[in-house]
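# Overview (structure and organization)
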Amino acid sequence: MLDFPRWKTVGISIILLLGILFSIPSFLPEKQFENLPGFAQAKVNLGLDLAGGSHLLLEADLADLEKTQLANMEKTVRAAMRGERGSDDDIAIGELSNANGQISFLVRDQAQLDAARERLFSVTQGAGLTGQRDWNIDVIDTTRIVLTPTSAGRTQAVANAMDTARDIIDRRVNALGTREPTIIRQGDDRIVVQVPGLQDPAALKELIGKTARLEFRMVDANADPNEALAGRVPVGSEIVPYAEGEGNGAQFEVLRRQVMISGEQLINAQQSYDPQSNQPVVSIRFDSAGSSTFARVTAQNVNKRFAMVLDGKVLSAPSINEPILGGSAQISGNFSVASANALAISLRSGALPVKMAVVEERTVTPELGADSIRKGAIAGIIATVAVLAFMIVVYGRFGIYANIALIFNIGLIIAIMAAFNATLTLPGIAGFVLTIGAAVDANVLINERIREELKRGRRVFQAVEIGYKEASRAIFDANITNVIAAGLMFWFGSGPIKGFAVVLTIGIITSVFTAVTVTRLFAARWLHKTRPTTLNI
């Protein structure tokens, strides 16, 4: 137990040195931190309760999600009725009806009814248990097929949409350059967003709340505006209002429901300027499939009008004078540079699959966070000083070794958290303070066991060696149970509970290393060097 080869001594020394060096950036002011080389720019970030910032609770519009689900299934049905072998394999269907949460259509040739149902079965099979379906398929009046979402299908659609929305919101928030936002689901249809250090919650709400659902749809040239005002539009079309300040006096357009091309096929969006008007615009570029579709649609509809629709509002409805090739387009409107850049971020990160509304908003001021840091620092200093003094008074030299190991332990905790770019919250500070007391607990067990062996008449070398050997078993057992408890808190907890569990776990691991291995190294080197015959402990 007291034999340390040179390689082991060097290895432990390097670990302790790196721990101290990589903990230093977390204490540096921001300007000095930015001047550090890239490999050293790792620090512990402060959470919302310490750095201040914004807290938003978002709720999904499930009615909008159902509408989107029906629209997607409508496109799926159209695609399914097109045969793989060309037009001779197509199934002729009547106009699709999308109403009352159902999709229905007429199969023109009754002989093709079974084939149509077979194709629908393959595209409505859910991803869950065997036999579970996302849609029910019913036949009415021998030739009309009606598709209705199942309960399992609705539940799965909500879960998928919320997971996607959470990931998209994370990409949008990180595009602002913020550090370590907390974005987690709450319940079935809510998402919590916490952004430390952000002092402009209004801009955050606008960016997150924007669905950024971009669509290119054809204007229905056969629609009568007067009939549309009375609420009567052709089957397969709908009234879509203009965005505020757009339309040159027109209030709406009658558009075909079918989306010709959507924002999902974008590969880039950037704020730029119109070369003619010098006004801010958003330049977009489609992927290869989107470019091909855009070129084909514009080539087939020359001299017809198409509309650019953003979040259910028409931005413009120009005429297609010639095919638009190259896969690039430009979105213009009443944009400022800031609003055009925000739209570009939203489009780049992807469209939210469901509209999100802010149902709760809280702002934590930096002053409150500074007060929390100050009180946490005071608690930490008091705890550290009390522990250091106690160990020196009670255990003398071995207490000093324990105190030195405790300082290394603090450095290692901060260095590991910085390496993982972890966020420190107020509960994390509580976990940090707790590990200070727990860190010397192992040394108390070791030192008390050494005392017992000395009282039994053992020589100094034997007493120290047996003390470390026997006490280590109890130390490892006790800390394994603590790690299990912290793991359960991390697995089942969220937010502050996870922060506490992370700091506690790191503190337990580093404290065992420093309290057992590092202090044993100090004791071994002293014993081998001085060869004492007595030991006061």
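Here, every reference points to the structure presented above.
A short tour of the structure in this document, coming up. (Residues numbered from 1 in each chain as written. Predicted model: local features only at pLDDT ≥ 70, side-chain atom pairs only at ≥ 80, totals over all residues. Heavy atoms only, no water.)

### Structural notes on the overall build of the chain
- Along the backbone of the chain there are 15 helices and 18 strands.
- The C-alpha atoms of the chain give 33 Å as radius of gyration, which overshoots the globular expectation for 537 residues (24 Å, by more than 25%).
- Reported as C-alpha extents along the three principal axes, the dimensions of the chain are approximately 105 × 55 × 40 Å.
- Put simply, of all contacts in the chain between residues at least 6 apart along the chain, 68% involve residues at least 24 apart.
- Summed over all atoms, the accessible surface of the chain reaches about 27700 Å², with 55% contributed by carbon and sulfur.
- Positive and negative charge centroids in the chain, built from 52 and 52 side chains respectively, lie 11 Å apart. (Helix = DSSP H or I, 4+ residues; strand = E, 2+ residues; numbered from the N terminus. Rg over C-alpha atoms; globule rule 2.2 N^0.38 Å. Contact = heavy atoms within 4.5 Å. Areas by Shrake-Rupley, 256 points an atom, 1.4 Å probe, with all protein chains shown as cover. Lys, Arg positive; Asp, Glu negative; His and termini not counted. Charge placed at Lys NZ, Arg CZ, Asp CG, Glu CD.)

### Examining the layout of surface pockets
- Each pocket or cavity is described by its volume, and for the largest pocket that value is around 810 Å³.
- Every residue lining the largest pocket is counted, 33 residues in all, and those nearest its centre are Thr68, Ala71, Arg213, Glu215 and Val259.
- It is helix α4 (residues 62-80) that provides the largest number of residues to the lining of the largest pocket, a total of 10 residues.
- Taken together, the residues that form the lining of the largest pocket break down as 11 nonpolar, 8 polar and 14 charged. (1 Å grid on protein atoms, 1.4 Å probe; cavity = no way out; pocket = protein on both sides within 12 Å on 5 of 7 lines; lining within 4 Å. Points joined across faces, edges and corners; volume = space filled by probe spheres on them. Nonpolar A, V, L, I, M, F, W, Y, C, P; charged D, E, K, R; others polar.)

### So, the nonpolar core
- Residues Phe398, Met417, Ile450, Val464 and Leu535 are the most contacted members of the largest nonpolar core, which totals 48 residues.
- For this core, the secondary-structure elements that each account for two or more residues are α1 (6-23), α11 (366-395), α12 (397-419), α13 (426-455), α14 (460-492) and α15 (496-530).
- At 11 residues, α15 tops the list of elements feeding residues into this core.
- Leaving out residues up to four positions away in the same chain, Ile450 has contacts with Phe398, Ala463, Val464, Gly467, Tyr468, Leu535 and Ile537.
- Residues Ala269, Phe286, Ala329 and Ala340 belong to the second largest nonpolar core, which totals 23 residues. (Core = buried A, V, L, I, M, F, W, Y, C linked by side-chain atoms within 4.5 Å. Buried < 20%, exposed > 50% of the residue type's maximum accessible area, 1.4 Å probe, protein only.)

### Remarks on the packing of aromatic side chains
- A full pass over the atoms with the stated rule returns 8 aromatic pairs.
- With 5.8 Å between their ring centres and 70° between their planes, Phe216 and Phe286 make a pair best called edge-to-face. Of this pair, Phe216 sits in strand β9 (residues 214-219) while Phe286 sits in strand β13 (residues 280-286), and the two are 70 residues apart along the sequence. Side by side, Phe216 and Phe286 carry an identical accessibility label, which is buried.
- Ring plane angle 85° and centroid distance 6.4 Å describe the contact between Phe398 and Trp526, whose orientation is recorded as edge-to-face. On the criterion of sequence distance, the pair formed by Phe398 in helix α12 and Trp526 in helix α15 is long-range, its members being 128 residues apart. (Phe/Tyr/Trp six-rings, centres within 6.5 Å; stacked < 30°, edge-to-face > 60°.)

### Things to note about empty space enclosed by the protein
- Per the stated rule, a full pass over the model turns up 1 cavity of 30 Å³ or more.
- Of the pockets and cavities examined, the largest cavity occupies roughly 50 Å³.
- In this structure, the largest cavity is lined by Phe216, Arg217, Met218, Met260, Ile261, Phe294, Val297, Thr298, Phe306 and Ile320.
- Of all the secondary-structure elements, those providing two or more residues to the lining of the largest cavity are β9, β11 (252-262) and α9 (288-300).

### A word on α1
- Compared with an ideal rise of 1.5 Å per residue, which puts 18 residues at 26 Å, α1 spans 26 Å between its outermost C-alpha atoms and is within 8% of the ideal.
- Of all the positions in α1, only Thr9, Ile12, Leu16, Gly19 and Ser23 are classed as buried. Down the axis of α1, the buried set is contained in an arc of 95°. They therefore lie on one face. Pointing more than 90 degrees away from the buried face of α1 are the exposed residues Arg6, Trp7 and Leu17. (Expected span 1.5 Å × (residues − 1). Arc of directions from axis to C-beta.)

### A few points about the sheet that holds strand β2 (residues 53-60)
- Read from one edge of the open sheet, 4 strands run β7-β8-β2-β17, paired in antiparallel fashion. Each edge of the open sheet carries a strand with a single partner, namely β7 (182-186) and β17 (356-364). Taking the axes of each pair of neighbouring strands and ignoring which way they run, one obtains an average angle of 15° across the sheet.
- Alignment of β2 against β17, held across 8 bridges, turns out to be antiparallel. Counted as the bridge partner of Ser54 is Thr363 from β17. (Pairing = 2+ DSSP bridges. Axes fitted to C-alpha atoms, helices over the stretch in contact; angles between N-to-C directions.)

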